[in-house]
Amino acid sequence: MKPHRRAATPLSLALSCAVLLAGCGVLPGGDERTTVTVWLMRGSASPAFVERFTEDFEKEHEDIDLDVRVQEWTGIGAKVKKALKEEDGDGPDVIEVGNTQVAQYVDEGGLYDLTLESARDLGMDDWLPGLAEPGRHNGAQYGIPWYAANRVVIYNKDLFAEAGITRPPRTREEWIADTQKLNTGGNQGIYLAGQDWYTLAGFIWDEGGDLAKETKESSGDWRGSLHTAEALRGMAFYQRLQALGRGPRDADEEHPAQTGVFAGGDVAQIIAVPGAARAIEEKNPELKGKLGYFPVPGKKAGKPGAVFTGGSDLVVPERSDDHSGAVEVIAALAGKKWQTDLARTMNYVPNKAKLAPAVAGEAGVAAMAVGAANGRATPNSPRWAAVEADNPIKGYMTAVLTGGAPATHAREASREITKALRLGGL
């Protein structure tokens, strides 16, 4: 049994006294107290949220103490891998990981299979697919969805009004038509950088394509698929939209930062997470109250466009000495009560679409929640990080936007993706 590590509080001191009186770490009634160690990432939850959750959880689970340790994203991969191999029983019992990292940790071994708990207790049928699917590997569920975030369209209300646009577009074609109206008189209809490959991925998914696919003949054999007819249609739409502004064709959305460009006041739209509005308003306070949000439109009205879903999953190390306690913590964090609290506190999307009303009062988060219902993640290969390390998708996009033949450059990029997924970047 792990020692109790949290700083003493009046409650914990009282409990400790009770333990001493009972002798040998046993409370009146005979139940042992255990400590569940939880690793959460910096910025994922506020200190106040962690304090509320810890107090409530320990009140509801009198046999469990929580030891929540905040980790830094920088270097976390190596730290998690080391923790998954520890044998002394002193490592974490619950770890927050990026949703697209789960496959890598499963492939290297060390995660506890949570399939039974997911089906029986955690409501897996209602999870957002962009969080649930990356947490699944070879039919087993290892990652439990915690929170999500995805891109929306942030727009300048004044420029929309000047163009006579009274409501956000509901379909892709309406979006193109509105953006054409906005792209006049020195204004940019949209600022879309040429290498914004996450946005491209959404358009490809809408067409039924993907960045890479696992072959039916061999599990674990992934091949780039940018050259398929579906993926090429997604690129063609991106090309149409990107032309309705002056975004650089040879750079991504951070070079220069699109929030700074939008803050200039002559850009009608960007595609970004709602939190980008804060950076825009800091650079140009005159835009406060003038920013609106809508989900990336889909091909048909009533269904938003597909978007890349970022966020976090919760996992349990196989070597944890308290799987049942770890599952209790995850069940609480991923349950309705604390999902609602986290979403309202941090402006996240909850892990289930039916919990979206919890953020209905925040326009940007509400738009994000609508899009999250059609969210996706990058291909669920444990070697996908090798693709992003030297991303051939970016080069492909620039080649097409500067006049290259889409089919030719797509096939070249697909070959590079296939090579990276087979060799893991080695």
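This section reports on the structure supplied with the text.

1. Section: the environment of Tyr112
Note on placement: Tyr112 falls in the loop between α4 (102-108) and α5 (115-120). Sequence separation of Tyr112 and Tyr142 is 30 residues, and the distance between their C-alpha atoms is 6.4 Å. When neighbours within four sequence positions are excluded, Tyr112 is seen to be in contact with Glu117, Tyr142, Val316, Pro317, Glu318 and His323.

2. Observations regarding the pairing of strand β7 (residues 152-156)
Burial within β7 is extensive, with five of its five residues counted as buried. Here β7 pairs with strand β10 (residues 269-272) via four bridges, running antiparallel. Residue pairing across strands places Val153 opposite Ile271, the latter belonging to β10.

3. What to know about the layout of surface pockets
If you roll a probe as big as a water molecule over the atoms, it shows you where there is empty space left. Estimates place the volume of the largest pocket at around 910 Å³. If you go around the largest pocket, you meet 37 residues; those closest to its centre are Ala149, Asn150, Val273, Pro274 and Gly275. Lining the second largest pocket are 19 residues, with Arg136, Glu214, Trp222, Pro379 and Asn380 positioned closest to its centre. Residue composition of the lining of the second largest pocket, grouped by class: six nonpolar, six polar and seven charged.

4. Overview of the pattern of salt bridges
This model, assessed by the stated rule, comprises 22 salt bridges. For Asp126, the salt bridge identified is with Lys354, shortest N-O distance 3.1 Å. Taken together, the residues Asp126 in the loop between α5 and α6 (129-132) and Lys354 in the loop between α14 (336-346) and α15 (363-372) connect sequence positions 228 residues apart. Asp126 sits in the partly exposed class, given a relative accessible area of 35%. Arg167 is the partner of Glu174 in a salt bridge, and the nearest nitrogen-oxygen pair spans 3.4 Å.

5. Some points on the packing of helix α17 (residues 392-401) against helix α18 (residues 406-423)
For the pair α17 and α18, the least separation of the axes is 9 Å and the interaxial angle reads 175°. Classified by the angle between their axes, α17 and α18 sit roughly antiparallel to one another. Two secondary-structure elements touch here, α17 through Pro392, Ile393, Tyr396, Ala399 and Val400 and α18 through Pro406, His409, Ala410, Ala413, Glu416 and Ile417. For the contact of α17 with α18, the per-class residue count stands at nine nonpolar, one polar and one charged.

6. Things to note about the nonpolar core
If you look at the biggest cluster of nonpolar residues, it comprises 47 residues, and the most contacted ones within it are Trp175, Leu226, Leu241, Trp384, Ile393 and Tyr396. With seven residues, helix α9 (residues 197-206) is the largest single contributor of residues to this core. In this view, Trp384 contacts Trp197, Leu211, Ala212, Thr378, Pro379, Ile393, Ile417 and Leu421; residues no more than four positions away in its chain are not counted. Listed in part, the 31 residues of the second largest apolar core include Ile64, Leu122, Ile330 and Leu342.

7. Re the sheet that holds β10
What the three strands build is an open sheet, ordered β10-β7-β11; its pairing is antiparallel. Only two strands of the sheet have a single neighbouring strand rather than two, namely β10 and β11 (291-294). Strand-to-strand twist of the sheet, defined as the mean angle between neighbouring strand axes without regard to direction, takes the value 30°. By the bridge criterion, four bridges tie β7 to β11 in an arrangement that is antiparallel. By the bridge assignment for β11, Tyr155 is matched with Gly292. Docked against the sheet, helix α12 (residues 276-283) engages β7, β10 and β11, running at close to 160° with respect to β11.

8. Re a negative patch on the surface
Among the surface-exposed residues, Glu60, Glu62, Asp63 and Glu328 lie close enough to one another that they form a single negatively charged patch. Relative to the helices and strands, Glu60 is located in helix α2 (residues 47-60).

9. Quick notes on unusual backbone geometry
The peptide bond linking His255 to Pro256 adopts the cis configuration, its omega dihedral lying at 0°. Note on placement: Pro256 falls in the loop between α10 (229-242) and α11 (258-262). Phi is positive for Asn347, which is not a glycine, with a value near 60°. Note that Asn347 resides in the loop between α14 and α15. Under the relative-accessibility criterion, Asn347 is labelled partly exposed at 30%.

10. A few points about the packing of aromatic side chains
Tallying each qualifying case throughout the model produces 16 aromatic pairs. Plain terms: the ring middles of Tyr155 and Phe160 are 4.4 Å apart, the flat faces sit at 40° to each other, and that makes the pair tilted. For the pair Tyr155 and Phe160, a shared accessibility class is recorded, and that class is buried. In this arrangement the basic side chain of Lys79 is found over the ring face of Trp39, its NZ or CZ atom lying 5.3 Å from the centre. The residue whose ring lies beneath Arg172 is Phe237, and the NZ or CZ to ring-centre distance is 4.4 Å.

11. Describing the pairing of strand β1 (residues 34-41)
Most of β1 sits out of view: seven of its eight residues are buried. Examined bridge by bridge, β1 and strand β2 (residues 64-71) share eight bridges and lie parallel to one another. Looking at the pairing, Met41 lines up with Gln71 of β2. What joins β1 to β2 is α2, and the crossover it makes is right-handed. As judged from the two bridges shared by β1 and strand β3 (residues 94-98), these two strands associate in the parallel manner. Counted as the bridge partner of Val38 is Val94 from β3.

Here is what the cut-offs are and how they apply
- Residues numbered from 1 in each chain as written.
- Predicted model: local features only at pLDDT ≥ 70, side-chain atom pairs only at ≥ 80, totals over all residues.
- Heavy atoms only, no water.
- Helix = DSSP H or I, 4+ residues; strand = E, 2+ residues; numbered from the N terminus.
- Contact = heavy atoms within 4.5 Å.
- Buried < 20%, exposed > 50% of the residue type's maximum accessible area, 1.4 Å probe, protein only.
- Pairing = 2+ DSSP bridges.
- 1 Å grid on protein atoms, 1.4 Å probe; cavity = no way out; pocket = protein on both sides within 12 Å on 5 of 7 lines; lining within 4 Å.
- Points joined across faces, edges and corners; volume = space filled by probe spheres on them.
- Nonpolar A, V, L, I, M, F, W, Y, C, P; charged D, E, K, R; others polar.
- Salt bridge = Lys/Arg side-chain N within 4 Å of Asp/Glu carboxyl O.
- Axes fitted to C-alpha atoms, helices over the stretch in contact; angles between N-to-C directions.
- Parallel < 35°, antiparallel > 145°, perpendicular 65-115°, else oblique.
- Core = buried A, V, L, I, M, F, W, Y, C linked by side-chain atoms within 4.5 Å.
- Patch = residues over 30% accessible without salt bridge, like charges linked within 9 Å, V, L, I, M, F, W, Y side chains within 5 Å.
- Areas by Shrake-Rupley, 256 points an atom, 1.4 Å probe, with all protein chains shown as cover.
- Lys, Arg positive; Asp, Glu negative; His and termini not counted.
- Charge placed at Lys NZ, Arg CZ, Asp CG, Glu CD.
- Phe/Tyr/Trp six-rings, centres within 6.5 Å; stacked < 30°, edge-to-face > 60°.
- Lys NZ or Arg CZ within 6 Å of the ring centre and 35° of its normal.
- Right-handed = clockwise from strand over helix to strand, strands pointing away.

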